[in-house]
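Residues per chain, in single letters:
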Amino acid sequence: MPADRIEREIDIDAPIDVVWTVITEPEHINGWFTDSAELDIRPGGEGRLGWEAKASNHAMIVNLRVERLDPPHFFSFRWDYPDGEEPTETNAPLVEFSLEARGDSTRLRLVESGLEKIARSEEDKETYFAEHTSGWTRIAERLRDYAPKQQSTVAG
Amino acid sequence: MPRGAVETDALVAAVTEPTRRQMLDLLLERGESTATVLADSLPITRQAVSKQLAVLTRVGLVEGEKSGREMRYRLNVERLDRVTRSLGELAATWDQRLMRIKQIAETAAAKQPKK
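Residues numbered from 1 in each chain as written. Chains lettered and ligands numbered in written order. Predicted model: local features only at pLDDT ≥ 70, side-chain atom pairs only at ≥ 80, totals over all residues.

### Concerning the overall build of chain B
Operational definition: Under the scheme used here, helices are H or I runs from DSSP no shorter than 4 residues and strands are E runs no shorter than 2 residues, and both carry numbers assigned from the N terminus. Exposure classes come from backbone-placed C-beta atoms, where a residue is buried if 20 or more other C-beta atoms lie within 10 Å of its own, exposed if 12 or fewer do, and partly exposed in between. Note on contacts: residues are paired as contacts if their backbone-placed C-beta atoms lie within 7 Å.
When helices and strands are tallied, chain B shows 5 helices and 3 strands. Reading the secondary structure of chain B in the N-to-C direction produces α-α-β-α-α-β-β-α. Within chain B, buried positions represent 34% of all 115 residues. Here the analysis covers contacts within chain B between residues at least 6 apart in sequence; of these, 47% occur between residues at least 24 apart.

Now the structure itself:
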């Protein structure tokens, strides 16, 4: 697996249409992703993902543009590109959701890619990673899986 | 930029290989060390340790400095922290988001009448 690619798969005990609604409708997106999402859900449609200030981070707004849409099977977008710029593979990571109906359940697959293609300085990259993970519970176990001892020692 | 991708692959490989991980642990504990001293604590030869130190040096996780007849090696903690944090946290963040999607969808589905 290339290092700049995150791939995940999860089985959800809900019909595909329900899962589709959860991942594409702003009111639901605010339940799992953002504090305030605006989204024009059509190919090329733009969106703004907003997070409120919390103890660990300040408020921010991130640009989003829908790439491909094939309800209820596929939804992809590029995000976090600079204001006033067109999203491309060199300035915006690509997030892809694939949905597959399995009876009354749904298999949801997520890929985020292109993180390393992005022409950012190392410092910007660090900020990107930090900002994209703030506001979420840190899952220490995952980090330990990745590099067991170093992480806890470094953090301490 | 391909260079960036290659660099990250090498970094990940450097961190995930068990022997190198042990060496990074030792360097963290001791602050700095030499190939000879590290070899005493590991089930591999000094030559093998040197080879692994070269890999770690190449990706910038370890810095070597000549001291008398031997090189002294030190960990670049900032760089190690960056690698583990960036990749580990991004993946963990998506796990968290997907779990929430699952919860929201399953709660909504449970409220719907069955077809």
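### A few points about the pairing of strand S2 (residues 62-67) of chain B
Residues and elements named next belong to chain B. The criterion, for reference: Two strands make a pair as long as DSSP finds a minimum of two bridges between them.
Two strands pair when backbone bridges link them, and S2 and strand S3 (residues 70-75) are joined in this way by 6 bridges, in the antiparallel orientation. In the strand pairing of S3, Glu63 is matched with Arg74. Turn length for the S2-S3 hairpin, with the two strands adjacent in sequence and antiparallel, is 2 residues, and the turn residue Gly68 shows positive phi of about 65°.

### Overview of the sheet that holds strand S4 (residues 60-70) of chain A
Residues and elements named next belong to chain A. Condition: All axes here are fitted lines through C-alpha atoms, helices being fitted over the stretch that makes contact, and every angle between N-to-C directions spans 0 to 180 degrees.
Spatially, 7 strands are ordered S1-S7-S6-S5-S4-S3-S2 in an open sheet, and the strand pairing comes out antiparallel. The strands lining the two open edges of the sheet, one partner per strand, are strand S1 (6-12) and strand S2 (36-39). In this sheet, adjacent strand axes meet at a mean angle of 20° when their direction is disregarded. The sheet contact formed by S2 and strand S3 (residues 46-51) spans 4 bridges and is antiparallel.

### Re the sheet that holds S2 of chain B
Residue and element names in this part refer to chain B. One open sheet accounts for 3 strands, arranged S1-S3-S2; its pairing is antiparallel. The sheet is open, and its two borders are formed by strand S1 (32-33) and S2, each paired with just one other strand. Contacts between helix H4 (residues 46-58) and the sheet are confined to S2 and S3, with S2 contributing the most and set at about 120° to the helix.

### Observations concerning helix H2 (residues 18-30) of chain B
Residues and elements named next belong to chain B. The line we're drawing: Expected helix span is taken as 1.5 Å per residue step, with the number of steps being one fewer than the number of residues. Our arc is simply the arc of the directions from the helix axis toward the C-beta atoms.
A rise of 1.5 Å per residue sets the reference length of H2, with its 13 residues, at 18 Å; its end C-alpha atoms lie 18 Å apart and thus fit the reference within 8%. Every buried residue of H2 is listed here: Met23, Leu24 and Leu27. In a view along the axis of H2, the buried residues occupy a sector of 100°, so they form one face of it. Facing away from the buried side of H2 by over 90 degrees, the exposed positions are Pro18 and Glu29. Immediately beyond the C-terminal end of H2, within one or two residues, lies Gly31, with a positive phi of roughly 85°.

### Remarks on the confidence of the model for chain B
Residue and element names in this part refer to chain B. Quick reminder of the rule: Note: pLDDT gives the predictor's confidence per residue, expressed from 0 to 100.
Looking at chain B, the pLDDT average stands at 80 and 77% of residues meet or exceed 70. Mean pLDDT across the elements of chain B bottoms out in helix H1 (residues 2-16) (54) and peaks in helix H3 (residues 35-41) (94). The low-confidence segment residues 1-6 (pLDDT under 50) makes 7 contacts with residues lying over four places distant or belonging to another chain. Taken together, the chains of this predicted complex give a pTM of 0.59 and an interface ipTM of 0.73.

### Here's the deal with the confidence of the model for chain A
Here chain A averages 76 in pLDDT, and 69% of its residues register 70 or above. Overall, residues 131-156 of chain A carries pLDDT values under 50, and its contacts beyond four positions in sequence, including any with other chains, amount to 46 contacts.

### Some remarks on unusual backbone geometry
All names here are of chain A. Residue Pro71 is joined to Pro72 through a cis peptide bond whose omega torsion reads -10°. For Pro72, the location among the structural elements is in the loop between S4 and strand S5 (74-79). The backbone of Asp80 sits at a positive phi, close to 60°, despite the residue not being glycine. With respect to the secondary-structure elements, Asp80 resides in the loop between S5 and strand S6 (94-102). For Asp80, a count of 18 C-beta atoms within 10 Å corresponds to the partly exposed category.

### Things to note about the nonpolar core
Generally speaking, soluble globular proteins have nonpolar side chains that are buried together. Our working rule: A set of buried Ala, Val, Leu, Ile, Met, Phe, Trp, Tyr and Cys residues, joined to one another through C-beta atoms within 7 Å, is what we call a nonpolar core.
Ranked by internal contacts, the top residues of the largest apolar core, which has 20 residues, are Val19 and Val22 of chain A together with Ile101 and Ala105 of chain B. Elements with a contribution of two residues or more to this core: S1 and helix H1 (16-24) of chain A together with helix H5 (77-111) of chain B. Here this core gets 8 residues from one element, more than from any other, and that element is H5 of chain B. The residues touching Ala105 of chain B, leaving out its near neighbours within four places in the chain, are Ile12, Ala14, Val18, Val19 and Val22 of chain A. By size, the runner-up hydrophobic cluster in this structure holds 14 residues, among which are Leu53, Leu56, Leu61 and Leu80 of chain B.

### Side note on the packing of H2 of chain B against H4 of chain B
Residues and elements named next belong to chain B. For the record, the criterion: Angles below 35 degrees are treated as roughly parallel, those above 145 as roughly antiparallel, those between 65 and 115 as roughly perpendicular, and all remaining angles as oblique. Amino acids are sorted into nonpolar (Ala, Val, Leu, Ile, Met, Phe, Trp, Tyr, Cys and Pro), charged (Asp, Glu, Lys and Arg) and polar (every other residue, Gly among them).
The contact between H2 and H4 brings their axes to 10 Å, and the two run at 80°. If you check the angle between H2 and H4, you find them roughly perpendicular. On H4, the residues touching Thr19, Arg20 and Met23 of H2 are Gln52, Val55 and Leu56. For the contact of H2 with H4, the residue count by class is 3 nonpolar, 2 polar and 1 charged.

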